[in-house]
Amino acid sequence: MQLTWLGHSCVLLTGSKKVLIDPFIEGGSVQGTNPDIVAVTHGHADHMGETVALNRKTVAITEIARYLKAKGLTVESLNIGGTIIVDGVSFTMTAAVHSSAIEEAGPGFSAGAAAGFVIGMDGVKVYHAGDTALFSDMKLIGELYHPDIALLPIGGRFTMGIAEAMMAANFIGAKTVIPIHYNTWDRITADPQQFKRAIERTTDIKVQVLKPGESMQTGS
Ligand code: NI
Ligand code: MN
């Protein structure tokens, strides 16, 4: 499987299927990625992004799925703690400590809870934390699902910052951690190399710092 960080919280997994998570990039479009499946962690505009315009099979929490279905999309709904298999790809919805609203639908349009995903494809498991604070049940995500790779927000203000993401990485125990949700805007400035140095000095975890658009190979 190949993992591409397109920027912000947007990640493309390319294996037996193409799975696009949180299809938003600042000042650009992800239309060219041509995904089979889109997965949305929560309703905020910097995560929903181009979900409606992409019009692909979309995995989301019940409330967002209902909204997207009304827009004409094919949806697969689930809720926190549940797992579904979509075209051979497994999606487990995990908790996230964050708010959620479908911003494009107007102020206060409820989108249920914010979430994350553990996605399994071609024998590789990727945990995308979504937008979240640190929470100790990340240990359970590690113990239950054993993700190979963890995508963790480090930008602070709206999510974990570097100090919290370091503890999150230890809780989850994935061999590889990729920082996301930073430096998109001034208000979420963080130094990914500082994060990398701090983790790699104190643990066996490897931090892969990607540039927007850059890919890495995972598993076989
Ligand atoms: Ni958010
Ligand atoms: Mn966000």
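### Concerning the confidence of the model for the chain
- Looking at the chain as a whole, its pLDDT mean stands at 97, while 100% of the residues score no less than 70.
- Confidence, expressed as mean pLDDT per element, reaches its minimum in the chain at helix 3 (residues 62-70) with 96 and its maximum at strand 4 (residues 37-39) with 99.

### Description of the pattern of salt bridges
- Counted by the stated rule, this structure contains two salt bridges.
- Of the charged contacts in the structure, one is a salt bridge between Lys 57 and Asp 87, with a shortest N-O distance of 3.1 Å. Placement of the pair is Lys 57 in strand 5 (residues 57-61) and Asp 87 in the loop between strand 7 (83-86) and strand 8 (89-95), with a sequence separation of 30 residues.

### Some words on the side chain of Thr 4
- Residue position: Thr 4 is located in strand 1 (residues 2-7).
- Exposure remark for Thr 4: the relative accessible area of 8% places this residue in the buried category.

### With respect to the pairing of strand 5
- By the criterion of burial, strand 5 is predominantly enclosed, with four of the five residues buried.
- Here strand 4 runs beside strand 5; their pairing, made up of three bridges, is parallel. Within the sheet, the bridge partner assigned to Ile 37 lies in strand 5 and is Lys 57.
- Both strand 5 and strand 6 (residues 75-78) contribute to a ladder of four bridges, which runs parallel. In the sheet register, Ala 60 faces strand 6, and the bridge partner there is Ser 77.
- Handedness of the crossover joining strand 5 and strand 6 through helix 3: right-handed.

### A look at the packing of helix 4 (residues 138-145) against helix 5 (residues 162-172)
- Relative orientation of the contacting elements helix 4 and helix 5 amounts to 30°, with a least axis distance of 7 Å. Classified by the interaxial angle, the pair formed by helix 4 and helix 5 is roughly parallel. Crossing of helix 4 against helix 5: the hand is right-handed. Residues Met 138, Lys 139 and Gly 142 of helix 4 form the contact with helix 5, whose participating residues are Ala 168, Phe 171 and Ile 172.
- For the contact of helix 4 with helix 5, the residue count by class is four nonpolar, one polar and one charged.

### Describing the pairing of strand 10 (residues 124-128)
- Buried residues dominate strand 10, accounting for four of its five residues.
- Where strand 9 (residues 115-121) lies against strand 10, five bridges are found, and the strand directions are antiparallel. Bridge assignment links Gly 120 to a residue of strand 10, and that residue is Lys 125.
- Count of turn residues in the strand 9/strand 10 antiparallel hairpin: two residues, of which Asp 122 carries a positive phi of about 55°.
- Here strand 10 pairs with strand 11 (residues 149-153) via three bridges, running parallel. Counterpart to Tyr 127 in the pairing with strand 11 is Ala 150.
- Remark: the strand 10/helix 4/strand 11 crossover connection has right-handed handedness.

### Quick look at the coordination of the nickel ion (ligand 1)
- Note on the nickel ion (ligand 1): its protein donors are His 42 (NE2), His 44 (ND1), His 98 (NE2) and Asp 131 (OD). The metal-donor distances range over 2.2 to 2.3 Å.
- Classification of the site at the nickel ion (ligand 1) rests on its four donor atoms, whose angles at the metal span 91 to 174°, yielding the label irregular.
- In terms of primary sequence, the donors binding the nickel ion (ligand 1) are separated according to H-x1-H-x53-H-x32-D.
- For the pair the nickel ion (ligand 1) and the manganese ion (ligand 2), the metal-to-metal distance amounts to 3.4 Å, and Asp 131 bridges them. The pair formed by His 42 and His 44 is uniform in burial state, with each residue classed as buried.

### Details of the coordination of the manganese ion (ligand 2)
- Donor atoms from the polypeptide that coordinate the manganese ion (ligand 2) comprise Asp 46 (OD), His 47 (NE2), Asp 131 (OD) and His 181 (NE2), at 2.2 Å from the metal.
- Mapped onto the polypeptide sequence, the residues donating to the manganese ion (ligand 2) form the spacing pattern D-H-x83-D-x49-H.
- Among the residues examined, Asp 131 registers a relative accessible area of 2% and is labelled buried.

### Notes on the nonpolar core
- One finds Leu 3, Leu 13, Val 19, Val 59, Phe 91, Tyr 127 and Leu 152 to be the most contacted residues of the largest nonpolar core, which totals 71 residues.
- In terms of residue count, helix 5 provides more of this core than any other element does, six residues in total.
- Apart from residues lying up to four places away in sequence, Val 59 is in contact with Ile 37, Val 38, Ala 39, Val 40, Glu 76, Leu 78, Ile 84, Val 86, Phe 91 and Phe 117.

Conventions adopted
- Residues numbered from 1 in each chain as written.
- Chains lettered and ligands numbered in written order.
- Predicted model: local features only at pLDDT ≥ 70, side-chain atom pairs only at ≥ 80, totals over all residues.
- Heavy atoms only, no water.
- pLDDT = per-residue confidence, 0-100.
- Helix = DSSP H or I, 4+ residues; strand = E, 2+ residues; numbered from the N terminus.
- Salt bridge = Lys/Arg side-chain N within 4 Å of Asp/Glu carboxyl O.
- Buried < 20%, exposed > 50% of the residue type's maximum accessible area, 1.4 Å probe, protein only.
- Pairing = 2+ DSSP bridges.
- Right-handed = clockwise from strand over helix to strand, strands pointing away.
- Axes fitted to C-alpha atoms, helices over the stretch in contact; angles between N-to-C directions.
- Parallel < 35°, antiparallel > 145°, perpendicular 65-115°, else oblique.
- Left-handed = near helix turned anticlockwise from the far one by under 90°.
- Contact = heavy atoms within 4.5 Å.
- Nonpolar A, V, L, I, M, F, W, Y, C, P; charged D, E, K, R; others polar.
- Donors = N, O, S within 2.8 Å, 3.2 Å for Na, K, Ca; no water.
- Tetrahedral: all angles 85-135°; square planar, octahedral: opposite > 155°, others 65-115°.
- Core = buried A, V, L, I, M, F, W, Y, C linked by side-chain atoms within 4.5 Å.

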